Amino acid sequence: MPRLSEVIAALDALWPPASAEDWDAVGTVCGDPDQEVSRVLFAVDPVQEIVDEAVKLDADLLVTHHPLYLRGTTTVAASNFKGRVVHTLIKNDIALHVAHTNADRADPGVSDALAGALDLRVARPLVPDPADADGRRGLGRVCELDHPLTVREFAARVAERLPATAQGIRVAGDPEALVRTVAVSGGSGDSLFADVRAAGVDAFLTADLRHHPASEARAHSPLALLDAAHWATEWPWCELAAAQLDEISDRHGWDLRVHVSKTVTDPWNSHSPSPGAPN
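Values in this document were obtained by computation on a predicted structure and should not be read as measured data.

**Q** Any chance you could explain the sheet that holds strand 4 (residues 95–98) here in plain terms?
**A** Note: strands within a sheet are paired through backbone hydrogen bonds, in either parallel or antiparallel orientation. The five strands are arranged 1-4-3-2-11 in an open sheet whose pairing can be described as mixed. Single-partner strands in this sheet number two, and they are strand 1 (27–30) and strand 11 (257–260). Going across the sheet, the axis of each strand differs from the next one's by a mean of 25°, ignoring polarity. Note that strand 2 (residues 39–43) and strand 3 (residues 61–64) share four bridges and pair parallel.

If you want it as structure tokens, here you go:
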């Protein structure tokens, strides 16, 4: 079995920590570099439900997309939920490793996984990484559909292919307009509207769209907006990342058992539609 330090080195090669945003907190949160690793669990959120799942699975390593301590901390006391997460991990000899914006920028990365879940052909990054001479890394992806769909049909495909959440898919735009090209960005994407407009796509799929940026984007152009749950747009990356680690394990003869959590950790758990609201 490989040591934790060997597995982390392989993960860092996939998602180099140096490519993360300056404000981000990626890398190993806890774990002994010399401990052996035989079972790995991938998930979006490092919350107690996921940590409890890792304990039941007898995992040695939990890899999440979202950081546990994005803004730092002065305590890991078990009197708060993040402290309880740390205590549970350490008591059960489970390491925690985070790949966040470094996984967003990777090739393949979070938005590639989102595009793959929807059978979209990736043409290029939405916001290319200037450090990548090949032009493959960066934030978001500009994609093409296999054949044109109406906004209504494309939204139905997204709702069917992404994990089910209380929110579903919110849509802004003419339901009958045709979609041939689409920009996708896993996670919060309303800071990318200028790049989306410059790409000249027919639709933009992302999460966490706020009222004013969405309203202004609609006023600028007939761009269709599809707003999915944050967790749902990033969960496909867990399957991609698990497959990447499986391939590395096979190549090195590590015989790792790699799992993907299907626990829904989106914070919204119910939805009451307004009477008479458009469907």
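**Q** What is the right way to look at the packing of helix 5 (residues 110–117) against helix 9 (residues 230–252) in this model?
**A** Between helix 5 and helix 9, the least distance of the axes is 7 Å, while the angle of their chain directions is 95°. Between helix 5 and helix 9, the interaxial angle falls into the category roughly perpendicular. On helix 9, the residues touching Val110, Ala113, Leu114 and Ala117 of helix 5 are Thr233, Glu234, Pro236, Trp237 and Leu240. Grouping the constituent residues of the contact of helix 5 with helix 9 by class yields seven nonpolar, one polar and one charged.

**Q** Mind showing me how you'd approach the pattern of salt bridges here?
**A** Oppositely charged side chains may form a pair once their charged atoms are brought near each other. With the rule as written, the count across this model stands at 14 salt bridges. With a closest N to O distance of 2.8 Å, Arg141 and Asp112 form a salt bridge. A residue pair is termed long-range when its members are at least 10 positions apart, and Arg141 in strand 6 (residues 138–150) and Asp112 in helix 5 qualify at 29 residues. A single burial state applies to Arg141 and to Asp112, both of which are buried. Measuring nitrogen to oxygen at the nearest pair gives 3.7 Å for the salt bridge that ties Asp132 to Arg137. Several salt bridges share partner residues, and in doing so they unite Arg3, Glu6 and Asp34 into one network.

**Q** Before we go on, may I ask you to explain helix 3 (residues 81–91) in this structure?
**A** One turn of an α-helix holds 3.6 residues; hence residues three or four places apart share an orientation. Buried within helix 3 we find Gly83, Val85, Val86, Thr88 and Leu89. The secondary structure elements touched by the buried residues of helix 3 are strand 1, helix 2 (48–57), strand 3 and strand 4. At the N-terminal end of helix 3, a side-chain oxygen is found 3.2 Å from the backbone nitrogen of Lys82, two or three residues along, and the residue is Asn80. Following helix 3 by one or two positions, Asp93 adopts a phi angle in the positive range, close to 55°.

**Q** Would you mind showing me how to read the packing of helix 1 (residues 4–14) against helix 9 here?
**A** Packed helices, taken two at a time, are described by their axes: the angle between them and the distance between them. At a minimum axis distance of 11 Å, the contact between helix 1 and helix 9 shows a crossing angle of 125°. What the angle tells us is that helix 1 and helix 9 run oblique. In this structure, the crossing between helix 1 and helix 9 has a hand that is right-handed. Residue-level contacts link Val7, Ala10, Leu11 and Leu14 of helix 1 to Gln244, Leu245 and Ile248 of helix 9. Partitioned by chemical class, the residues of the contact of helix 1 with helix 9 number six nonpolar, one polar and no charged.

**Q** Teacher, can you tell me more about the packing of aromatic side chains here?
**A** By convention here, two paired aromatic rings are described through the distance between centres and the angle between planes. Inspection of the entire model under this criterion finds three aromatic pairs. Measuring from centroid to centroid gives 6.3 Å for Phe42 and Trp237, while their planes differ by 80°, and the two rings are edge-to-face. Of this pair, Phe42 sits in strand 2 while Trp237 sits in helix 9, and the two are 195 residues apart along the sequence. In this pair, the class of Phe42 matches that of Trp237, namely buried.

**Q** What's the story with the nonpolar core in this structure? I'm lost.
**A** Note on soluble globular proteins: their nonpolar side chains tend to be buried together. Trp15, Phe42, Leu61, Leu120, Val182 and Trp237 are the most contacted members of the largest nonpolar core, which totals 52 residues. It is helix 9 that provides the largest number of residues to this core, a total of nine residues.

**Q** It is not clear to me how the side chain of Thr265 should be interpreted in this structure. Could you clarify?
**A** Along the chain, Thr265 turns up in the segment after strand 11. On the accessibility criterion, Thr265 (12% relative accessible area) is buried. One polar contact links Thr265 to Asp45, side chain to side chain, over a distance of 2.6 Å. For Thr265, the side chain forms a polar contact with the side chain of Trp231, separated by 3.3 Å. When near neighbours in sequence (up to four residues on either side) are disregarded, Thr265 contacts Asp45, Val47, Glu49, Ile50 and Trp231.

**Q** What is the right way to read the sheet that holds strand 10 (residues 224–228) from this model?
**A** Read across the sheet, six strands follow the order 5-6-8-9-10-7 without closing on themselves; strand pairing throughout is mixed. Each edge of the open sheet is held by one strand with a lone partner, namely strand 5 (121–128) and strand 7 (170–172). Strand-to-strand, the axes of this sheet are offset by a mean angle of 25°, without reference to chain direction. Direction of pairing for strand 9 (residues 203–207) relative to strand 10: parallel, over a ladder of five bridges. Residue pairing across strands places Ala203 opposite Ala224, the latter belonging to strand 10. Strands strand 5, strand 6, strand 8 (178–188) and strand 9 of the sheet are contacted by helix 5, whose axis makes an angle of about 135° with strand 8. The sheet strands contacting helix 9 are strand 8, strand 9 and strand 10, and the helix crosses strand 8 at an angle near 90°.

Rules used throughout
- Residues numbered from 1 in each chain as written.
- Predicted model: local features only at pLDDT ≥ 70, side-chain atom pairs only at ≥ 80, totals over all residues.
- Heavy atoms only, no water.
- Pairing = 2+ DSSP bridges.
- Helix = DSSP H or I, 4+ residues; strand = E, 2+ residues; numbered from the N terminus.
- Axes fitted to C-alpha atoms, helices over the stretch in contact; angles between N-to-C directions.
- Parallel < 35°, antiparallel > 145°, perpendicular 65-115°, else oblique.
- Contact = heavy atoms within 4.5 Å.
- Nonpolar A, V, L, I, M, F, W, Y, C, P; charged D, E, K, R; others polar.
- Salt bridge = Lys/Arg side-chain N within 4 Å of Asp/Glu carboxyl O.
- Buried < 20%, exposed > 50% of the residue type's maximum accessible area, 1.4 Å probe, protein only.
- Polar contact = N/O pair within 3.5 Å; in protein donor to acceptor, adjacent residues only side chain to side chain.
- Left-handed = near helix turned anticlockwise from the far one by under 90°.
- Phe/Tyr/Trp six-rings, centres within 6.5 Å; stacked < 30°, edge-to-face > 60°.
- Core = buried A, V, L, I, M, F, W, Y, C linked by side-chain atoms within 4.5 Å.

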